[in-house]
Amino acid sequence: MSNAAKIAFVGMGLMGSRMSLRLLQAGFEVGVWNRTVSATEPLIIQGAILLPDLDHLQDFSIIALCLADDAAVEAIGLKLLDQIQPDQIIVDFSSSSVALTQRLAKLTREKDAHWIDAPVSGGVIGAEQGTLVIFAGGDAHVIGHLAPFFAPLSQRVTTMGGSGSGQATKICNQLIVAATSTLIAEAIALAEKSGVNAALFAPAMAGGFADSKPFQILAPRMATRQFEPVQWKVQTLEKDLNNAMTLAADHGLSLPVAQRALGQLRQHAAQGYASDDLSSLIQGIEFKS
């Protein structure tokens, strides 16, 4: 596969818009679609083709999805399967449930086409810089064939196993992110109450055992109460943890730390912060106090 391949990219949210731009800059021909058409305008200015609908995508080698939740993935996925051609590839960058992914992958195989689950980690910054990490599930040969497509988007692609394994990996990733994020908020709040200059937290702990990418991104924003621009939405992580709890229940597992983190995210979202950045969790801690 070369960058002569035609790509249809569906979903121009925080991640999809930036990933589409990376592909355009790499020389791919990219058609873009979003439920709210105005979200496609910055990509059209950069050279993308506006897809007026999702009914005529037979000429696109790859159809990429980056959607909000299972409901959107299912609705659009089933619509695409009505017209998909043999050997076309659907790459789902969304964070979806394992069960839905496996069902859509099975239906796609029945059409002699391919569904690759490829959720990403690295946030908006990773999407802008092309340094995402991709957890891929599905046919390993097809994933390897997609290397030129993945190259402008990521620093690493790992084939995790069969269909759904990429989503399962992303769910596990999000367990760690959620627990870490809620603890960072509690640590910042406790430090401030103890007279510590929390603005010094991130540089002071850089390279230590408590350090991480989420820490270096969230701690300064929490300390300064700077929650814009939005990089990780509270509701997105809440959705991912709901998928985690469903998957754990399917396997008879109890995840008490994840359950506690999910409770905090739900409460924070209910207080009006669902669409806010994850760093706003510090306000949830303040609200409790």
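Conventions we followed
Residues numbered from 1 in each chain as written. Predicted model: local features only at pLDDT ≥ 70, side-chain atom pairs only at ≥ 80, totals over all residues. Heavy atoms only, no water. Axes fitted to C-alpha atoms, helices over the stretch in contact; angles between N-to-C directions. Helix = DSSP H or I, 4+ residues; strand = E, 2+ residues; numbered from the N terminus. Parallel < 35°, antiparallel > 145°, perpendicular 65-115°, else oblique. Left-handed = near helix turned anticlockwise from the far one by under 90°. Contact = heavy atoms within 4.5 Å. Nonpolar A, V, L, I, M, F, W, Y, C, P; charged D, E, K, R; others polar. Core = buried A, V, L, I, M, F, W, Y, C linked by side-chain atoms within 4.5 Å. Buried < 20%, exposed > 50% of the residue type's maximum accessible area, 1.4 Å probe, protein only. Pairing = 2+ DSSP bridges.

**Let's talk about the packing of helix H8 (residues 165–193) against helix H12 (residues 256–273)**
Next up, step 1: Direction vectors running N to C along H8 and H12 enclose 60°, while the axes themselves pass 9 Å from each other. One way to sum up the angle between H8 and H12 is to call them oblique. Seen along the crossing, H8 lies across H12 with a hand that is left-handed. Facing H8, whose interface residues are Leu175, Ala178, Ala179, Thr182 and Glu186, H12 presents Val257, Ala258, Ala261, Gln264 and Leu265.
Next up, step 2: Looking at the contact of H8 with H12 residue by residue, the classes come out as seven nonpolar, two polar and one charged.

**Looking at the nonpolar core**
For soluble globular proteins, nonpolar side chains are generally found buried alongside one another.
Next up, step 1: Ranked by size, the top nonpolar core spans 34 residues in total, and within it Ile184, Ile188, Met222, Leu241, Leu265 and Leu278 carry the most contacts.
Next up, step 2: Elements that contribute at least two residues to this core include exactly H8, helix H9 (201–205), helix H10 (213–224), helix H11 (234–250), H12 and helix H13 (281–288).
Next up, step 3: The biggest single contributor to this core is H8, with eight residues.
Next up, step 4: Counting residues in hydrophobic clusters, the runner-up holds 33 residues, among them Ile7, Phe9, Ala118 and Phe150.

**Quick notes on unusual backbone geometry**
Note: most peptide bonds trans; most residues except glycine with negative phi.
Next up, step 1: Omega for the peptide link from glutamate 228 to proline 229 comes to -5°, which places this bond in the cis form.
Next up, step 2: By secondary structure assignment, the location of proline 229 is in the loop between H10 and H11.
Next up, step 3: The backbone phi angle of aspartate 87 is positive, close to 75°, even though this residue is not glycine.
Next up, step 4: Tracing the chain through its elements places aspartate 87 in the loop between helix H3 (70–81) and strand S5 (89–92).
Next up, step 5: The phi torsion at arginine 225 lies on the positive side, around 60°, for a residue other than glycine.
Next up, step 6: On the secondary structure map, arginine 225 appears in the loop between H10 and H11.
Next up, step 7: Accessibility expressed as a relative area gives 26% for arginine 225, which makes it partly exposed.

**Thoughts on the pairing of strand S1 (residues 6–10)**
Next up, step 1: With four of its five residues buried, S1 lies for the most part within the structure.
Next up, step 2: In this structure, S1 lies alongside strand S2 (residues 29–33), joined through five bridges in parallel fashion. Within S2, the residue paired with alanine 8 across the bridge is glycine 31.
Next up, step 3: One ladder, built from four bridges, connects S1 with strand S4 (residues 62–65); its direction is parallel. Paired with alanine 8 across the strands is isoleucine 63, a residue of S4.

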